Amino acid sequence: MTTLLSALVGLLAGLHAAAWGMYKDSLHEGFSARRFVRSPLLGLVIGAVLGVLIGWDPREPPVLVVAFGASYAVERALAEVYKTFLREEDQSKYTIPMQLSILGRPVRSRPLRLVAGAAYLLVAGGAVALAHRLGRTHVPAPLVVVLAVGGLGGWISAFGGAWKDAPIEGFQPFKFLRSPAMATGFALVVMRLTTEPALIMLAATGLTIATTETWKTFAFPSSPRGKFAGKPVRFPEMCRRRRRVVPLYAAIWMLVLACLCAAVATAPAGEVVRVEAAHA
């Protein structure tokens, strides 16, 4: 039952990501059911795997929040690996190439992209392994650990985004520091829900991505994503159709935020609600 519930939480994380992706991109790419269900199905599998590996019970509000954030982070990481290093796609439709690029020019060599993708996975996996090793002390994560580890996912995202966007848009210091700062802030909240640094890092990263994309998507609904800047709107009918995902998106957010508020409110000051890895 707990594995099934964890899978459902992963499904919600995938639906959340698919909703903002469809809302932002459908004006330029149209709607594809196959593309829309990709993130929910991947999130479903990720949630189930995390449920088996960690052995948590998502019926508890703090666990649901951590499971949602961790599933979100892993799903987004795998989706970016696929789009950046594996997918073969015509990049001319983008202002900013989505495929691995150097100084804004796509790398056409598939072997080179695979090597770069392997290096990216090693860095990301190494960050999670480092955080997990710190958690093997089996004591509540001290503030210094949270500040050092909690923002790692944000830093990886910041460097990856700058590598891709800066050659086209120029380097933007605020944009570069946004993800690390937000991830660290979320880590300070998540540390009240779990003592496991790896879960703190993953959950903080996932919540950061969800929050950042919510702001970019719905605060500026008429502004195209950077990758489509200057490109014509090819599917104007999606201006109306894309609104259908908003209630689902809002409902998922309300569930997660309600659980987060309940979890923080019921955790006495200085006391950590434990979400420990069952198979550390």
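Refer to the preceding data block for the structure.
The sections below set out a description of the structure shown in this document. Since the structure is predicted, the reported quantities are computational estimates derived from the model, not experimental observations. (Residues numbered from 1 in each chain as written. Predicted model: local features only at pLDDT ≥ 70, side-chain atom pairs only at ≥ 80, totals over all residues. Heavy atoms only, no water.)

### Examining the overall build of the protein chain
- Scanning the protein chain from N- to C-terminus turns up 10 helices and 2 strands.
- Counted from the first residue to the last, the protein chain has its helices and strands arranged as α-α-α-β-β-α-α-α-α-α-α-α.
- Rg of the C-alpha trace for the protein chain: 19 Å, near the compact-globule value of 19 Å for 280 residues, within the 12% margin.
- If you line up the protein chain on its principal axes, its C-alpha atoms span 55 × 40 × 35 Å.
- The buried share among the 280 residues of the protein chain stands at 44%.
- In the protein chain, the proportion of contacts linking residues at least 24 apart, taken out of those at least 6 apart, comes to 81%. (Helix = DSSP H or I, 4+ residues; strand = E, 2+ residues; numbered from the N terminus. Rg over C-alpha atoms; globule rule 2.2 N^0.38 Å. Buried < 20%, exposed > 50% of the residue type's maximum accessible area, 1.4 Å probe, protein only. Contact = heavy atoms within 4.5 Å.)

### Quick notes on helix α2 (residues 33–54)
- With 22 residues, α2 extends 32 Å from end C-alpha to end C-alpha; this agrees with the ideal 32 Å at 1.5 Å per step.
- Listing the buried residues of α2 in full gives F36, S39, P40, G43, I46, G47, L50, G51 and I54.
- On its buried side, α2 packs onto α1 (2–29), α3 (61–86) and α8 (197–218).
- G55, located one to two residues past α2, shows a positive phi value of around 75°. (Expected span 1.5 Å × (residues − 1).)

### Let's talk about the side chain of T84
- Mapping T84 onto the fold places it in helix α3.
- A polar contact of 2.8 Å, which involves the side chain of T84, links it to the backbone oxygen of E80.
- Beyond its immediate chain neighbours, meaning those up to four positions away, T84 contacts M98, Q99, L100 and R113. (Polar contact = N/O pair within 3.5 Å; in protein donor to acceptor, adjacent residues only side chain to side chain.)

### Re the packing of helix α6 (residues 152–169) against helix α7 (residues 173–190)
- At their nearest, the axes of α6 and α7 sit 8 Å apart, and the two run at 165° to each other. Between α6 and α7, the interaxial angle falls into the category roughly antiparallel. Seen from above, α6 lies across α7 with right-handed handedness. Within the contact between the two elements, α6 uses G154, W155, S157, A158, F159, A162, D165 and E169 and α7 uses K175, F176, L177, S179, P180 and A183.
- Considered class by class, the residues forming the contact of α6 with α7 number 8 nonpolar, 3 polar and 3 charged. (Axes fitted to C-alpha atoms, helices over the stretch in contact; angles between N-to-C directions. Parallel < 35°, antiparallel > 145°, perpendicular 65-115°, else oblique. Left-handed = near helix turned anticlockwise from the far one by under 90°. Nonpolar A, V, L, I, M, F, W, Y, C, P; charged D, E, K, R; others polar.)

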